[in-house]
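Here's the letter readout for the chains.
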Amino acid sequence: MSALPHDVWITGIGLVSSQGEGLDAHWDRLARVPAPRPVVDEERFAPYPVHPLATIDVAREIPKTSDQRQMEQWQRTGVYAAGLALADAGIAGNSELLNRTDVVTAAGNGERDLALDARVLEAIGAQPAPDVYLNRALATGLRPTLYLGQLSNLLAGNISLVHKATGSSRTFKGEEMAGVAAVENAVRRIAGGEGELFLVGGALNAEREDLLLGCELDGALHRGPFRSVWARGEGGGLVPGSIGVFLVLESEVHAALRGAKAYASLRSIASDRAARRAGSTDLGLMRLFDEIAGGLPPGPLAVLSGVSGVEPVTGQERAFLQGLEARGYHPAVRAHGTVLGHALEAHFIAGVALAALAVSRQAYFPPFDVSGVERPLEGAPRQILVTGLGHWRGEGLALVEAAD
Amino acid sequence: MASSVRDHRGRPVAVVTGMGIVTSLGRGKAENWAGLAAGRSGLKRITRFPTDGLKSTVAGTVDFMDVSPYSAHDLSLAMAMAAVEEAFGEARIETAMFPGPLIVATPPSEFEWPLLRQLYEGSPEPQHGGYRRLLAAARTGNYRGMARHLRFASIADGLKEKFGCSGEPVSICTACASGTTTIQLGMEAIRRGQADAALCIGADATVHPEGLIRFSLLSALSTQNDPPEKASRPFSKNRDGFVIAEGAAALVLESYDAARARGATVLGVVRGCGEKADDFHRTRSRPDGAAIIGAIRKTLGDAGVAPDEIDYINAHGTSTPENDKMEYLSLKAVLGDHLARVPISSNKSMVGHTLIAAGSVEAVFSLLTLRNGLLPPTINYDVPDPDIPLDVVPNAARAAAVKTVLSNSFGFGGQNACVVFSGEPA
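Residues numbered from 1 in each chain as written. Chains lettered and ligands numbered in written order. Predicted model: local features only at pLDDT ≥ 70, side-chain atom pairs only at ≥ 80, totals over all residues. Heavy atoms only, no water.

## Focus: the overall build of chain B
Broken down by element type, chain B carries 13 helices and 15 strands. In terms of principal-axis extent, the alpha carbons of chain B reach across some 70 × 55 × 40 Å. Burial statistics for chain B: of 426 residues in total, 67% are counted as buried. Only carbon and sulfur atoms are counted for the fraction: they give 51% of the accessible area of chain B, which is about 13,400 Å². The distance from the centre of the 43 positive side-chain charges to the centre of the 45 negative ones in chain B is 2 Å. (Helix = DSSP H or I, 4+ residues; strand = E, 2+ residues; numbered from the N terminus. Buried < 20%, exposed > 50% of the residue type's maximum accessible area, 1.4 Å probe, protein only. Areas by Shrake-Rupley, 256 points an atom, 1.4 Å probe, with all protein chains shown as cover. Lys, Arg positive; Asp, Glu negative; His and termini not counted. Charge placed at Lys NZ, Arg CZ, Asp CG, Glu CD.)

Here you go:
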């Protein structure tokens, strides 16, 4: 969608990752020169490196231990980040606003009981009646509340429960495109006058063998040692990162009326799903770019890329950047996957968050790696293009712009 | 310039021009409606896997789709495709030519035990146990075909591949309200003028041991296994839980103007939708029903329909002690004395709880109720609950002209979504 009838402002950001907690911590590390050092654990899940979540005091945002116990880690991370975003936007504790805050999340599901799975898998082969054994093992071994830790929409459910954001609740699924769809849904509803105040985000717990297994079935994981997303070689691969990220998106009018300040405006967003066939190179990204940012004058262009490192799509994104170059833009790309890891459903939203942060600080990030793909940019960008290409399906672009 | 029809807020009107359905009662609207009208149950003893040691042994499985071996992904996709094909046939839309967005509600994408066992047994590193051994199997690259089960966009992708909708196909989950949410998303896209058509689908096929057991551990399922067709007893005093079931349904939504312009038959109007999240408990509603009440009120407000204009309710009616009581109390709060005059039935008495697909399945049944002038019954209603004084259309279908239907959907995680349908605008 191109120009929006109502401006969408980003008035709150909650972010936790391997780089730390909160915007100041992320800015301090990521805007530092020289390039920040990714926080990577190469041992725990070898040969797969992961970006582990920084230590957080969950009780600060989820005070009841009973609530904490009913969630799995991805939910705790997400609920925590949602709390940070609500507080940042000045909404936390304001029941009048929370009662009409529409929650939109991007989520997968999971966290299995890995110990139970391991026990059952080891024993079941030798059972005279494997199916009967399985019934008994699950009926007596599964924690009754585990399913609530697995359901996709229970991240949103827990946010309503803990933070009292209860306008409505929608959960989008579909790997990276879940994040694009969640942001797009909120933006369209604000633009269409169907809502004024949204809490949009997602979370990933990368430190899970069941998540790794799901990715590795199709060979999507990078095997160590760690390298930046642009330098993962022929087969490519993603390095998952634990992230919780939430944005408060608000109509400009609503924000102005309550005196809320904007980090940035979410100017436009568009998505599609190209047929990715063997040998096809064009994912239609230039058409999406023209839809959301075609009016931008040629010259330097800041790009926060959600590129995963998985091939061939990483190469296809580079080809798109080269295509921009050919049209007179000079993309200064930063792949946040290098420094945060790849966060699947939450990844695009993290890109929007970092873009809004940079715009609000009137500065830009130095290159995140030394591959040479990421070039320095002089000055402060007023607009930042955010890309979100699914590692196997789907393409999304957004334009974040200074709100003044 | 052609005249355009707008709703009470000046928005384009969304109508339904095609419907398709698969449930345990059969494939297609004809088989399903015949079953509903006859008060026939599709619920039966589970034969897909042994049920030894399980408290609940009844389900509404779909066993006739030629999907073997069973998996939630493959059966959900097959049912969804069958439902879309039927809907396209009715709407006279060519396969692979759908001119709008696709929104599908899908079940969890997860490892099922046959998949885990296959990886475990095929692993090149049998000296290890647990996930280390499974990951070694995945690394061989020999199990790429299994990835579809774990990808959340996979069902949507398969549908897009076949039916060619515009843009990125959207997968959603609002638990047992998901089907209704797809209709809401489609309606909103049409109202915004973003699209002239939307394809809204819900599918769920999760009757496998772990799927059954996890609901059982939450004490959500009926344990009245004998006879199976009597296990689901919505609104009865002796109800004790829902019966897990499978199904899929698809609805083609179009703007009224677009439907008229191409001469499509309008099957019903999506008058409005509403939703409200609960903040009380992960599996229970606020005792005062505030969130359900909020969802119903928002729906009526969105639809521009007064409470006394509702003349039939397609209940969420799961047959759990909690749901049916809270649904009654909330309806009473919104409809007041009018509720005593409104028949309400639960299709789940016959097709069980199709979970993610329930809102879609019940939307199709709501529209068939409108069109056929026949209220499907709530079967197994032998012991009325004095705390729930409703006209549940007990045990036998009833002829009645219906103009405006409210369909409710509620789900774990505080999800509440409702939709109002009515006949073609005058």
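## Describing the packing of aromatic side chains
Applying the stated rule across the entire model yields 10 aromatic pairs over all chains. Ring geometry for A:Y364 and A:F365: centres 6.0 Å apart, planes at 50 degrees, overall tilted. The exposure class of A:Y364 is buried, given its relative accessible area of 8%. Exposure remark for A:F365: the relative accessible area of 1% places this residue in the buried category. Cluster of aromatic residues (ring-pair linked, three or more members): A:W27, A:Y364, A:F365 and A:F368. The lysine or arginine in question, B:R133, covers the ring of B:Y120, its NZ or CZ lying 3.8 Å from the ring centre. Directly above the aromatic system of A:W392 lies the positively charged group of B:R151, at a separation of 4.1 Å from the ring centroid. (Phe/Tyr/Trp six-rings, centres within 6.5 Å; stacked < 30°, edge-to-face > 60°. Lys NZ or Arg CZ within 6 Å of the ring centre and 35° of its normal.)

## Some thoughts on the interface of chain A and chain B
Taken together, the contact pairs 74 residues of chain A with 71 residues of chain B. Looking only at chain A, the three residues that lose the most surface to chain B are A:L121, A:K173 and A:L217, adding up to 12% of its buried area. Linking chain A with chain B are 13 salt bridges, by the criterion used here. In this structure, B:E161 engages A:R277 in a salt bridge whose closest nitrogen and oxygen atoms are separated by 3.3 Å. Scanning the region where chain A abuts chain B turns up 32 residue pairs in polar contact (both at pLDDT 80 or more). Mapped by element, the contributors of at least two residues to the side of chain A that touches chain B are helix 5 (114–124), helix 6 (130–141), helix 7 (146–150), helix 8 (154–163), strand 4 (168–173), helix 9 (176–191), helix 10 (209–216) and strand 7 (264–272) of chain A. Here the side of chain A that touches chain B takes eight residues from helix 6 of chain A, the largest share from any one element. Tallied by class, the residues present in the side of chain A that touches chain B amount to 27 nonpolar, 23 polar and 24 charged. As paired elements, strand 4 of chain A and strand 6 (residues 170–172) of chain B share two bridges and run antiparallel to each other. When the bridges of strand 6 of chain B are listed, A:F172 appears paired with B:I172. (Contact = heavy atoms within 4.5 Å. Buried area = accessible area lost by both parts, 1.4 Å probe. Salt bridge = Lys/Arg side-chain N within 4 Å of Asp/Glu carboxyl O. Polar contact = N/O pair within 3.5 Å; in protein donor to acceptor, adjacent residues only side chain to side chain. Nonpolar A, V, L, I, M, F, W, Y, C, P; charged D, E, K, R; others polar. Pairing = 2+ DSSP bridges.)

## Looking at the pattern of salt bridges
Evaluation of the coordinates by the stated rule reveals 56 salt bridges over all chains. Measuring nitrogen to oxygen at the nearest pair gives 3.5 Å for the salt bridge that ties B:E275 to A:R189. One end of the pair, B:E275, is in strand 9 (residues 268–275); the other, A:R189, is in helix 9, on a second chain. The salt bridge involving A:R273 is made with B:E161; its shortest N-O contact spans 2.8 Å. Here B:E161 lies in helix 6 (residues 154–163) and A:R273 lies in the loop between strand 7 and helix 12 (285–293), a pairing that spans two chains. Judged by relative accessible area, which is 6%, A:R273 ranks as buried.

## Concerning the environment of B:S222
Residue and element names in this part refer to chain B. Here S222 is to be found in the loop between helix 8 (209–217) and strand 8 (247–255). From its side chain, S222 meets the backbone nitrogen of Q224 in a polar contact 3.1 Å long. Of note is the side chain of S222, whose polar atom sits 3.3 Å from the backbone oxygen of A231.

## A word on the pairing of strand 1 (residues 8–17) of chain A
Residues and elements named next belong to chain A. Counting buried residues in strand 1 gives 10 out of 10 residues, a clear majority hidden from the surface. Pairing between strand 1 and strand 6 (residues 243–251): eight bridges, direction antiparallel. Paired with V8 across the two strands is S251, which belongs to strand 6. With two bridges connecting them, strand 1 and strand 7 associate as antiparallel partners. Of the residues in strand 7, the one forming a bridge with W9 is S265. In terms of strand pairing, strand 1 meets strand 2 (residues 20–21) through two bridges, oriented antiparallel. Along strand 2, the bridge assignment pairs S17 with G20. Counting the residues that bridge the hairpin from strand 1 to strand 2 gives two residues.

## Some remarks on the domain arrangement of chain A
The domains assigned to chain A are domain 1 (8–113 + 145–257), domain 2 (114–144) and domain 3 (266–401). A straight line from the C-alpha centre of domain 2 of chain A to that of domain 3 of chain A covers 46 Å. (Domains from an automatic or database assignment.)

## Some thoughts on the domain arrangement of chain B
What the domain assignment lists for chain B is domain 1 (14–109 + 151–422) and domain 2 (115–147). Computed from C-alpha coordinates alone, the two centres of domain 1 of chain B and domain 2 of chain B are separated by 37 Å.

## Looking at the pairing of strand 7 of chain A
Residues and elements named next belong to chain A. Strand 7 sits mainly inside the fold: eight of its nine residues count as buried. Direction of pairing for strand 7 relative to strand 11 (residues 395–401): antiparallel, over a ladder of seven bridges. Bridge assignment links D272 to a residue of strand 11, and that residue is E395.

## With respect to helix 3 (residues 113–122) of chain B
Residues of helix 3 of chain B that are buried: B:W113, B:L115, B:L116, B:L119 and B:Y120. When helix 3 of chain B is viewed along its axis, its buried side chains cluster within an angular range of 160 degrees and face the same direction. Seen from the buried face of helix 3 of chain B, the exposed residues on the opposite side, beyond 90 degrees, are B:P114 and B:E121. Residues of helix 3 of chain B that are buried in the fold lie against helix 5, helix 6 and helix 10 of chain A together with helix 4 (130–139), helix 5 (147–150) and helix 8 of chain B. (Arc of directions from axis to C-beta.)

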